[in-house]
Amino acid sequence: MTAVATATPTLPDHLADSRHHVLDLTLRDARAAHALAASCLETYKAADDRRFLDEAPVLAHELPLPVRRHLNSARRDEATHVTVIRGNVVDQAALGPTPAHWSEADTEASQVYGCLLVLYAALLGDVTGWATQQAGRLVTDILPSKGFETSLISASSELELAWHTEDAFSPYRADWVGLFALRNAAEVPTTVAHVDARRVPERVRAVLSEPRFVALPDAAHEFADGPAGDLVPILEGHPDLPVLRIDRDFFRAREGDAEAAGALAWITAHLDANLTDVVVPTGAVCFVDNRNVVHGRRRFRAGFDGGDRWLKRVNLVRDLRRTRPGRLDGATRVIG
Ligand SMILES: O=C(O)CCC(=O)C(=O)O
Ligand SMILES: [Fe+2]
């Protein structure tokens, strides 16, 4: 029998990688995409300019055809884990050193990569940001910072960043997280894990589908009033292909619910066992499907010498209207 990669949730393990969709750009297409981003930057001056974000879904039609096809399959395919576009042009010398902190990372030289990430993202959905994260920026930065080596946020390095659904505490969380590695010389891996629906015992699945879990805001958010901690389910949607919502560091079973604690322990061990490395090398863009997989990052040794790993990140939703209750007014993309 011939094995056919149909991208269904019942794939045998040896075909699991078919849920990692990878496109290697030709140099010609990489240059064309970069040139489009550069012309957008010239017009709009910044990657998170409001008019640019609004126009991006139209401008993105000018991206090379293989890129549009690749991202359209990610938009359509309900079982994809990650969608990667490798081989983007990043001029390391022109980029300059990796900044020491996210607040210094919105550099002029890095804007063009933010623009390219926004253009790619626009083929999947709409970019959103958080008032409580990186000062409300829409294109954020991930880089190691001194003093945060063992923190629970993406500025960490020495400590593994535990797997999580991005912004799992919020109903306005992203459908995809987009990461653009401007620099990842050491190829520090991002990690992903999914729920293998066939292996979840019936009773565990039933408990995980009920709102018996406290979803605390993760440490990347600065809330003035402290965490709300809503009661939420961990699994939703079709049992064969559940939508996953969980954070290894910030979810708890509700007080006194031993059965929920047992189910949480089961899925935690299951996701630990399924955790897979996905290297996003320098010049690669990776869209993580935030419904199908949790993600994190392996530990690494930061040099703090200007050569450290540096990623641009966007959150995006399929339906901006869904996030409207979380936004102050219809014109802003910032939640909170
Ligand atoms: O650094 C990475 O590869 C992932 C970081 C991450 O999970 C995040 O910033 O939310
Ligand atoms: Fe994350």
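In case you missed it, the structure is sitting above this.
**Student:** Would you mind going over empty space enclosed by the protein with me for this structure?
**Tutor:** For the coordinates displayed, the defined rule picks out 3 cavities of 30 Å³ or more. A volume near 290 Å³ is recorded for the largest cavity. When residues of the lining of the largest cavity are traced back to their parent elements, those giving at least two are β5 (161–164), β6 (176–183), β15 (293–297) and β16 (310–317). Grouping the constituent residues of the lining of the largest cavity by class yields 10 nonpolar, 6 polar and 8 charged.

**Student:** Quick question: what am I supposed to make of the sheet that holds β15 here?
**Tutor:** One key point about sheets: their strands pair by backbone hydrogen bonds, in either a parallel or an antiparallel sense. Reading across from one edge, β5-β15-β7-β13 is the order of the 4 strands in this open sheet, with antiparallel pairing throughout. At either end of the open sheet lies a strand with only one pairing partner, and these are β5 and β13 (276–278). Strand-to-strand twist across the sheet, computed as the mean angle between neighbouring axes with direction ignored, equals 25°. By the bridge criterion, 3 bridges tie strand β7 (residues 190–194) to β13 in an arrangement that is antiparallel. Directly across from T191, in β13, lies its bridge partner D277. The sheet contacts of helix α7 (residues 258–274) involve β5, β7, β13 and β15, and relative to β7 the element is tilted by about 130°.

**Student:** What is the right way to read the coordination of the iron ion (ligand 2) from this model?
**Tutor:** Expected angles at a metal are 109.5 degrees for tetrahedral coordination by four donors and either 90 or 180 degrees for octahedral coordination by six donors. For the iron ion (ligand 2), the protein coordination sphere consists of H164 (NE2), E166 (OE) and H295 (NE2), at 2.0 to 2.1 Å. Here the donor residues of the iron ion (ligand 2) share one chain and are spaced in sequence as H-x1-E-x128-H. With H164 in strand β5 and H295 in strand β15, this residue pair connects regions lying 131 residues apart in the sequence. Looking at H164, the relative accessible area reads 11%, which means it is buried. Residue classification places H295 among the buried residues on the basis of a relative accessible area of 6%.

**Student:** Please explain the site of ligand 1 as it appears in this structure.
**Tutor:** In the region of ligand 1, the neighbouring residues are I142, S154, L161, H164, E166, T190, H295, R297, R309, L311 and R313. Separating an oxygen atom of ligand 1 from a side-chain N or O atom of H295 is a distance of 3.0 Å. In this structure, an oxygen atom belonging to ligand 1 sits 2.8 Å away from a side-chain N or O atom of R309. Contact with the protein chains covers 98% of the free accessible surface of ligand 1, which is 290 Å². In this structure the site holding ligand 1 corresponds to the largest cavity. Of all the elements in the fold, those that place two or more residues in the shell around ligand 1 are β5, β15 and β16. The residue inventory of the shell around ligand 1, partitioned by class, reads 3 nonpolar, 4 polar and 4 charged.

**Student:** Would you explain the pattern of salt bridges in this entry?
**Tutor:** Between side chains of opposite charge, pairing is possible as soon as their charged atoms come close. Scanning all chains against the criterion turns up 19 salt bridges. One salt bridge in this structure joins D126 and R333, with 3.4 Å as the shortest N-O distance. You can see D126 sitting in strand β3 (residues 126–130) and its partner R333 sitting in the loop between β16 and β17 (334–335), a full 207 residues away along the chain. Accessibility expressed as a relative area gives 7% for R333, which makes it buried.

**Student:** Teacher, can you tell me more about the nonpolar core here?
**Tutor:** Across soluble globular proteins, you tend to see nonpolar side chains buried next to one another. Formed by 48 residues in total, the largest nonpolar core has its most connected members in F52, L63, L119, Y120 and F287. Broken down by element, this core gets its largest block of residues, 10 residues, from helix α5 (residues 111–122). In this structure F287 touches L71, H81, V82, T83, L117, Y120, A121, L124, W176, V177, G178 and L316, once residues within four positions along its chain are discounted. Core analysis: the next-biggest nonpolar cluster, separate from the first, contains 27 residues, F169, V204, F213 and L271 among them.

**Student:** Help me out: how do you make sense of the side chain of S157 in this one?
**Tutor:** Considering the arrangement of structural elements, one finds S157 in the loop between β4 (140–142) and β5. Excluding its chain neighbours within four sequence positions, the residues that come into contact with S157 are P144, F148, E149, R297, R299, F300 and A302.

**Student:** Quick question: what am I supposed to make of helix α2 (residues 50–59) here?
**Tutor:** One full turn of an α-helix is made of 3.6 residues, so residues set three or four places apart face in the same direction. Turning to α2, its buried residues are F52, L53, A56 and L59. Projection of α2 onto a plane perpendicular to its axis shows the buried side chains occupying an angular sector of 120°, all on one side. Turned more than 90 degrees away from the buried face of α2 sit R50 and V58, all of them exposed. Against the buried residues of α2 lie α1 (27–44), α5 and β3. Its side-chain oxygen 3.0 Å from the backbone nitrogen of R51, D49 forms the N-cap of α2.

**Student:** Could you clarify how one ought to interpret the layout of surface pockets in this entry?
**Tutor:** Taken as a whole, the second largest pocket holds about 320 Å³ of empty space. Taken together, 19 residues make up the lining of the second largest pocket; nearest its centre are W102, Q134, I153, A220 and E222.

**Student:** Could you clarify how one ought to interpret the sheet that holds strand β12 (residues 251–253) in this entry?
**Tutor:** One open sheet holds the 3 strands; their spatial order is β9-β8-β12, and the pairing between them is antiparallel. Here the strands that pair on one side only, and so sit at the sheet edges, are β9 (230–232) and β12. Across the sheet, the mean angle separating the axes of adjacent strands is 40° when strand polarity is ignored. Where strand β8 (residues 213–215) and β9 come together, 3 bridges link them in antiparallel fashion. Considered in β9, the bridge of F213 is made with V232. Against the sheet, α7 makes contact with β8 and β12, and its axis sits at roughly 140° relative to β12, the strand it touches most.

Rules and cut-offs
Residues numbered from 1 in each chain as written. Chains lettered and ligands numbered in written order. Predicted model: local features only at pLDDT ≥ 70, side-chain atom pairs only at ≥ 80, totals over all residues. Heavy atoms only, no water. 1 Å grid on protein atoms, 1.4 Å probe; cavity = no way out; pocket = protein on both sides within 12 Å on 5 of 7 lines; lining within 4 Å. Points joined across faces, edges and corners; volume = space filled by probe spheres on them. Helix = DSSP H or I, 4+ residues; strand = E, 2+ residues; numbered from the N terminus. Nonpolar A, V, L, I, M, F, W, Y, C, P; charged D, E, K, R; others polar. Pairing = 2+ DSSP bridges. Axes fitted to C-alpha atoms, helices over the stretch in contact; angles between N-to-C directions. Contact = heavy atoms within 4.5 Å. Donors = N, O, S within 2.8 Å, 3.2 Å for Na, K, Ca; no water. Buried < 20%, exposed > 50% of the residue type's maximum accessible area, 1.4 Å probe, protein only. Near = heavy atom within 4 Å. Polar contact = N/O pair within 3.5 Å; in protein donor to acceptor, adjacent residues only side chain to side chain. Areas by Shrake-Rupley, 256 points an atom, 1.4 Å probe, with all protein chains shown as cover. Sits in = over half its atoms within 2 Å of the grid points. Salt bridge = Lys/Arg side-chain N within 4 Å of Asp/Glu carboxyl O. Core = buried A, V, L, I, M, F, W, Y, C linked by side-chain atoms within 4.5 Å. Arc of directions from axis to C-beta.

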